[in-house]
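# Analysis of the macromolecular model
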Amino acid sequence: MEDFRKSVVYQIYPKSFYDTNGDGLGDLNGVTEKLDYIRELGADYIWLTPFFVSPQKDNGYDVEDYYNIDPRYGTMEDFDRLSAEAQKRGIKLMLDMVFNHTSSRNEWFQKALAGDERYKNYYIFRKGKENGDPPTNWESKFGGSAWEYVPQFDEYYLHLFDVSQPDLNWDNPEVREQVEAVVRFWMKKGVKGFRFDVVNLISKGSFEDDYEGDGRRFYTDGPNIHKYLQELNEKTFGADKGIVTVGEMSSTSMENCFRYASEDGKELSMVFSFHHLKVDFAGNEKWVLVPYDFQKLKKILFDWQFGMAEHHAWNAVFWCNHDQPRVVSRFGDEGKYWKQSAKMLGTVIHCLRGTPYVYQGEEIGMTNTDFTDISRYRDVESINYYRILQEKGLRPDDAFRIIQIHSRDNGRTPMQWTDGQNAGFTTAEPWIGVNANHTDVNAEAELADEDSIFRHYQKLIRLRKELDVIAYGDFAPLDQKNAQILAYRRSYEGHTLLVVNNFYGRPVTWTCPEELEGYSCILSNYPDSEVKKEMELRPFESVVLYR
Ligand code: GLC
Ligand code: CA
């Protein structure tokens, strides 16, 4: 059995990774061409975000056909070649399964709209209220009502995301069978990993108005969620212990995650949760400008470390993905301490208990976009909210500032390979703008520098394989209330790791609560870190001590 506790996953957003046929869009062949780069980094898995046939309203998270590759990304032959070439290099593929909803262009939905009752029951159609309002007051996660009116039925369908992403009705056993068939199809093609998109939203509860929030409490971690995941497991990937699975858990609770990711293996191998990335929100409200709350960040990370371990459940640990701003811009420093802070943030994640995920470009310190005009944005969510914020009364430039900070496009600009034209991503006009800082921030420069962020990530990935304490150790916070330091201890079979990080651009003196005899410094982001009880930590300094 693959030990996913010792593994690291590299996430690729193919559209922005590497373009091989000069149409401005990254493609599967682009991933194949860059496999040696990923092997060099040391990742064990590549998670590919969806490349299935799709109208691309939500960049592939709106699936029209689960069995075929979107021609924009290539062909099934390209996929098979990618799979074979990855295998040669000891890299496994993890595919992204979007089963909470389909695209409205999916054949099932088209048949539903044509009035076929069998397919209407694949989705969630409901009558509106007597007063003409939608069935509930729930809001779509991309803004506006979660219900769309269909005149020919005088009914609404539910879409928790874009109007072009109707939610599937998992209470219909035939839907569950269809979904299982898709998973089995990709298993037969040799796929050894699956990421399940917003999978804790599939079991809807009661359809009631929400007077406290946007409706999420009625469909998140819903009544049959564990039953449906167990069934999916039993009928598909559960048969192959070599398959690794991760569920994306939207607004979930830790109690549910104990079960989703329990080591009994009945549901999934691990979970993504997002509470630690909402520390620059106001509650659940993302579209605001507030400084991030460092104490809260620590508390959430640490509570999850503890809680999941106590309940024998496994975390996915990460800062970045295609839905998040770049971490060096968010919790680090894009400017003077770019390199130090990017390395520090990498260390924090990779020494935790859980399987680390690296999102393309994170390993070279890519930053948020440099867009100064709304016309440069591509993401449906950003475009919707730019409008919604103004409808709520914000001035255009205030609305724009919020988009700049929180837009998902921050993570979607093209991978910066070189300092050349379009950062070496494409020879054509890229589908989304390249960050002008590619002249300094690029993979070529990172590979040439022995002291780069890339080299640091490489070491972190290697360390997880070499030291059992990282993969298997217990977790304990150190000096949790400290205003500037995030520090923790890992311990396993007589070995201990101390991970100490200064999260700020100013120095700090820190007295380590542990006796440091016998420890040596095995990793740092400064050339000359010392093992001392009284530590003088420099800006964003990060040290890993081992005994
Ligand atoms: C997940 C994906 C995101 C997508 C959404 C709807 O959150 O990561 O990119 O928009 O689900 O499928
Ligand atoms: Ca292309």
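Everything in this summary refers to the structure shown in the same document. (Residues numbered from 1 in each chain as written. Chains lettered and ligands numbered in written order. Predicted model: local features only at pLDDT ≥ 70, side-chain atom pairs only at ≥ 80, totals over all residues. Heavy atoms only, no water.)

A few words on the sheet that holds strand β1 (residues 9-12). Taken in spatial order, the eight strands of this open sheet run β11-β10-β9-β5-β2-β1-β13-β12, and their pairing is parallel. Edge positions in the sheet fall to β11 (270-272) and β12 (316-317), since each has one partner strand and no second. Direction of pairing for strand β10 (residues 244-248) relative to β11: parallel, over a ladder of three bridges. Along β11, the bridge assignment pairs E248 with F272. Its contacts with the sheet place helix α3 (residues 76-88) against β2 (45-48) and β5 (92-97), and it is angled at close to 140 degrees to β5. (Pairing = 2+ DSSP bridges. Helix = DSSP H or I, 4+ residues; strand = E, 2+ residues; numbered from the N terminus. Contact = heavy atoms within 4.5 Å. Axes fitted to C-alpha atoms, helices over the stretch in contact; angles between N-to-C directions.)

Right, let's talk about the pattern of salt bridges for a bit. For the structure on display, the rule yields 44 salt bridges. Here E40 ties to R455 by a salt bridge, and the two come within 3.0 Å at their closest N and O atoms. Taken together, the positions of E40 in helix α2 (residues 35-41) and R455 in helix α15 (residues 453-466) put the pair 415 residues apart, joining distant regions of the chain. The buried category is assigned to R455, whose relative accessible area is 11%. The residue R408 makes a salt bridge to D379 at a minimum N-O spacing of 2.8 Å. (Salt bridge = Lys/Arg side-chain N within 4 Å of Asp/Glu carboxyl O. Buried < 20%, exposed > 50% of the residue type's maximum accessible area, 1.4 Å probe, protein only.)

Once that is clear, we can look at the sheet that holds strand β16 (residues 495-502). The sheet built from five strands is open, its strands ordered β14-β15-β16-β20-β18 with antiparallel pairing. The outermost strands of the open sheet, each flanked by one partner alone, are β14 (474-478) and β18 (520-524). Averaged over all pairs of adjacent strands, the angle between their axes in this sheet comes to 20 degrees, without regard to strand direction. Relative to β16, strand β15 (residues 485-492) runs antiparallel, the two being bridged by eight bridges. Counterpart to L486 in the pairing with β16 is N501.

A separate point is the site of ligand 1. Near ligand 1 lie 13 residues; those nearest to it are D58, D197, E248, H322 and D323. Within the contact set of ligand 1, an oxygen atom lies 2.7 Å away from a side-chain nitrogen or oxygen of D197. One of the side-chain N or O atoms of R408 is found 2.9 Å from an oxygen atom in ligand 1. Protein coverage of the free-state accessible area of ligand 1, which is 310 Å², stands at 96%. The cavity where ligand 1 resides is the largest pocket. In terms of residue class, the shell around ligand 1 is made up of four nonpolar, two polar and seven charged. (Near = heavy atom within 4 Å. Polar contact = N/O pair within 3.5 Å; in protein donor to acceptor, adjacent residues only side chain to side chain. Areas by Shrake-Rupley, 256 points an atom, 1.4 Å probe, with all protein chains shown as cover. 1 Å grid on protein atoms, 1.4 Å probe; cavity = no way out; pocket = protein on both sides within 12 Å on 5 of 7 lines; lining within 4 Å. Sits in = over half its atoms within 2 Å of the grid points. Nonpolar A, V, L, I, M, F, W, Y, C, P; charged D, E, K, R; others polar.)

Attention now goes to the coordination of the calcium ion (ligand 2). Octahedral six-donor coordination of a metal ideally yields angles of 90 or 180 degrees, compared with 109.5 degrees for tetrahedral four-donor coordination. Bound to the calcium ion (ligand 2) are the protein donor atoms D19 (OD), N21 (OD1), D23 (OD), L25 (O) and D27 (OD), situated 2.3 Å from the metal. Mapped onto the polypeptide sequence, the residues donating to the calcium ion (ligand 2) form the spacing pattern D-x1-N-x1-D-x1-L-x1-D. Taken as a pair, D19 and L25 share a single burial class, namely buried. (Donors = N, O, S within 2.8 Å, 3.2 Å for Na, K, Ca; no water.)

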